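Each chain, written out:
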Amino acid sequence: MQIAHTKEELRSMLSPLRGRKIVLVPTMGALHAGHASLLRQARELAGTEGSVVASIFLNPVQFDNAGDLATYPATPMQDLETCDSCGVDVVFMPSSDTMYCADRSVSLEETHLSSVLCGASRPGHFAGVCLVVNKLFNLVQPTDAIFGKKDYQQLAIIRRMVRDLDIPITLHGAEIVREADGLALSSRNVRLTPEHRQAAPAIRRSLLSAGEAYASGEPVDNICAQVRRSLESIPGVQCDYVELVDAQTLHEVTAPHRLALLAVAAWFGDVRLIDNIELSRS
Ligand code: PAF
């Protein structure tokens, strides 16, 4: 496995690999089993002929909250071991100064899908994601890229960016990886208090029972209210949003729908967790 810290190093490591599949997995580090699963899927997709590139870059531009950036876990040595054991060929690990010019003045904004769900409460977040992902696409020039479905809105926005800017990359969405008790894996889970860690699987449980209620014809408003009630009955938990949206447009649905997404963001103390479930009603 090779490690590139600069754009020049990355270019020279990638140049002999071009002409075959190059699968990119962008990450912000603090890799957990969910990332390992993305990396292994990338390895499988690339096959023995192709290559897997992982980027590890804690992108300051997408953090709307300085405290969240400052407390985001960083485990670079462990991350490199994870990449190596998952069959990554090249890791791109730039510093912030390497990635961004101090006087950068171009931004990139998706204006429709970004205005709802996490976008509504995290101004600038998705513009920062689009900017860094677009830069990574330009630097790595992968044939394929893999993103997890836990950040469902992020995946939808990146799909829109790829479509609208004619970026010649095939995107793949990977299923959410969970702890045995149902909590979706997240780099933020390590910051939960023991009480909140124990309570957090309630998110998955409430989404599953909402799925049953949806299938049995319960009105949409009741379903969202029930999820909110059950989560906010846990001490120290506050929902940011509980919304049922069209799985493609991410805009609210009020009536039964072909493919809907029930998405939740909730504060467990000062840790913001997100999760979602795809629902369909025949
Ligand atoms: O999902 C993430 O970890 C980040 O938003 C991404 C896609 C690596 C961009 O910084």
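Above this text you will find the structure in question.
Since we're looking at a predicted model, the values are computed, not measured. Residues take numbers from 1 onward in each chain, read along the sequence in its written order. Local features in this predicted model are restricted to residues of pLDDT 70 or higher, and side-chain atom pairs are both shown and tallied only at a pLDDT of 80 or more, whereas totals for entire chains, interfaces and linings draw on every residue. Only hydrogens and water are removed before side-chain values are computed, so all heavy atoms of the structure are retained for them.

A. Examining the packing of helix H10 (residues 202-215) against helix H11 (residues 220-232) more closely. Here, axes are lines fitted to C-alpha atoms. For helices the fit covers the stretch in contact, and angles between N-to-C directions go from 0 to 180 degrees. Here a strand is any run of E in DSSP of at least two residues, a helix any run of H or I of at least four, and the numbering for each starts at the N terminus. It is at 10 Å that the axes of H10 and H11 come closest, and there the two elements cross at 160°. Taken together, H10 and H11 sit at an angle that is classed as roughly antiparallel. The element H10 and its partner H11 pack so that their crossing is right-handed. Within the contact between the two elements, H10 uses Ala202, Ile203, Ser206, Ala210, Ala213 and Tyr214 and H11 uses Val220, Ile223, Val227, Ser230 and Leu231. For the contact of H10 with H11, the residue count by class is 9 nonpolar, 2 polar and no charged. Under this scheme an angle from 65 to 115 degrees is roughly perpendicular, one under 35 degrees roughly parallel, and one over 145 degrees roughly antiparallel; angles in between are oblique. Two helices crossing with the near one rotated counterclockwise from the far one by less than a right angle form a left-handed crossing, whereas a clockwise rotation gives a right-handed crossing. Should any heavy atoms of two residues lie within 4.5 Å, those residues are counted as being in contact. Residues are grouped as follows: Ala, Val, Leu, Ile, Met, Phe, Trp, Tyr, Cys and Pro are nonpolar; Asp, Glu, Lys and Arg are charged; every other residue, Gly included, is polar.

B. Layout of the packing of aromatic side chains. By convention, a stacked pair of Phe, Tyr or Trp rings (six-membered ring in the case of Trp) has centres within 6.5 Å and planes under 30 degrees apart, an edge-to-face pair has planes over 60 apart, and any other such pair is tilted. Within this structure, the stated rule accounts for 3 aromatic pairs. Two conditions define a charge located above a ring, namely a distance within 6 Å from the ring centre to NZ of Lys or CZ of Arg, and an angle within 35 degrees of the ring normal. Here the basic side chain of Arg104 rests over the ring of Tyr100, its NZ or CZ set 5.1 Å away from the ring centre.

C. Broad picture of the sheet that holds strand E7 (residues 237-246). Should DSSP find at least two bridges between two strands, the strands are taken to pair. What the 3 strands build is an open sheet, ordered E7-E8-E9; its pairing is antiparallel. What marks the edges here is a single partner per strand, and that holds for E7 and strand E9 (271-279). Taking the axes of each pair of neighbouring strands and ignoring which way they run, one obtains an average angle of 15° across the sheet. Taken strand by strand, H10 contacts E7, strand E8 (260-268) and E9, and its axis lies near 25° from that of E9. Against the sheet, H11 touches E7 and E8, its axis set at about 155° to E7.

D. Molecular detail of the packing of helix H1 (residues 7-14) against helix H7 (residues 125-140). Running from N to C, H1 and H7 point in directions that differ by 45°, and their axes come no closer than 10 Å. Between H1 and H7, the angle falls in the class oblique. Where H1 abuts H7, its residues Lys7, Leu10, Arg11 and Leu14 lie against Lys135, Leu139 and Val140. Broken down by class, the residue content of the contact of H1 with H7 amounts to 4 nonpolar, no polar and 3 charged.

E. Spatial organisation of the site of the ligand. We call a residue near a molecule or strand when any one of its heavy atoms sits within 4 Å of it. The ligand sits among Pro26, Thr27, Met28, Asn59, Gln62, Val132, Phe147, Asp151 and Gln154. For the purposes of these results, a polar contact is taken to be a pair of N or O atoms within 3.5 Å, where, inside protein, one atom must be able to donate a hydrogen and its partner to accept one; residues adjacent in sequence count only when each atom of the pair is a side-chain atom. Residue Gln62 places a side-chain N or O atom 2.6 Å away from an oxygen atom belonging to the ligand. Interatomic distance of 2.7 Å between a side-chain N/O atom of Gln154 and an oxygen atom of the ligand. Here the open area of atoms and residues is found with the Shrake-Rupley method and a 1.4 Å probe, where only the protein chains shown may cover a residue. Contact with the protein chains covers 89% of the free accessible surface of the ligand, which is 290 Å².

F. Structural detail: the sheet that holds strand E6 (residues 170-174). The parallel open sheet is built from 6 strands, whose spatial order is E1-E4-E3-E2-E5-E6. Edge positions in the open sheet fall to strand E1 (2-4) and E6, since each of these has one partner strand only. Within this sheet the neighbouring strands show an average axis-to-axis angle of 25°, counted without direction. The sheet contact formed by strand E5 (residues 144-148) and E6 spans 5 bridges and is parallel. Considered in E6, the bridge of Gly148 is made with Ala174.

Purely geometric stuff here, so don't read any function into it on its own.
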